Structures are given as C-alpha cells and as structure tokens.
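Summary of the model geometry
The lines below spell out each chain.
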Amino acid sequence: MNIRKGDTVLVISGKYKGAKGKVLRAIPRENRVVVERVNLQKKHQRPTKDLPQGGIIEREGPIHRSAVMLVCPECSRPIRVGFKFMDGKKVRYCRKCGEAIDK
Ligand SMILES: [Zn+2]
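Now for a quick tour of the structure. (Residues numbered from 1 in each chain as written. Predicted model: local features only at pLDDT ≥ 70, side-chain atom pairs only at ≥ 80, totals over all residues. Heavy atoms only, no water.)

A closer look at the sheet that holds strand β2 (residues 20-27)
- The strand order β6-β3-β2-β1-β7-β8 describes an open sheet built from six strands, whose pairing is antiparallel. In this open sheet, the two strands that pair with only one neighbour each are β6 (63-64) and β8 (78-79).
- In terms of strand pairing, strand β3 (residues 32-35) meets β6 through two bridges, oriented antiparallel. The partner of R32 across the bridge, within β6, is H64. (Pairing = 2+ DSSP bridges. Helix = DSSP H or I, 4+ residues; strand = E, 2+ residues; numbered from the N terminus.)

Concerning the coordination of the zinc ion
- Distances from the zinc ion to its protein donors, C72 (SG), C75 (SG), C94 (SG) and C97 (SG), fall at 2.3 Å.
- Of note is the zinc ion, whose four donor atoms meet at the metal with angles of 102 to 116° in an arrangement that counts as tetrahedral.
- Sequence spacing of the donor residues for the zinc ion, all on one chain, is C-x2-C-x18-C-x2-C.
- Relative accessible area serves as the criterion here: at 2%, C72 is assigned to the buried category.
- C75 sits in the partly exposed class, given a relative accessible area of 22%. (Donors = N, O, S within 2.8 Å, 3.2 Å for Na, K, Ca; no water. Tetrahedral: all angles 85-135°; square planar, octahedral: opposite > 155°, others 65-115°. Buried < 20%, exposed > 50% of the residue type's maximum accessible area, 1.4 Å probe, protein only.)

Nothing here speaks to function; it is all geometry.
Given below as structure tokens:
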C-alpha cells in the first residue's frame, strides 16, 4: 500500500474528481482509502450521548485506491510513489522531485 493515513491525495476519477484531501484511513485489505470530505454519505444516526437527537450525519465512505494520487508534500504535484532504502529503511519518495516522503 503506497498511500497511508495522513497523506494528502488528489482524486483523479469518479464523482469527486479534482478534490484534494487528507487520508483519514487506509484499508489495505480492500485497497481502499477514506479521504476527508470525499464520498460523503448520509447516515442515519441513532441518538447517542454526543448527539442526543440522533438524525442524519454525513460521513466519508471509502474509495478505491486507484482513484487517488498522492500529492507530494515537497513539490505539491500529484505523483507516483517510488520506494528506496535510506539508512536501511524502506521509504517512499517522489518520482518527480526525488524527495523522500517519509522522514
Ligand atoms: Zn515531489
């Protein structure tokens, strides 16, 4: 899985094409990611302590990993991720500017 929680990604296909957001959750088993403000789904919420009336809430649904591209924190472009070894650790790097993404 080359996309992880906390990464910023750009949606490149589907209804939310062009949206940019932070990865809230990565689900490697399903090849899916949950991106902030992307694929919002309305859910009926039963009353809870935090939300005493219940009602309808919006929550992000997972989208397929192939629908997003990682945005490089260094050059701010959507990129393909490469892997290299640095100090014996496997790190992701930007194929465009060459900067390591995991530091
Ligand atoms: Zn870059």
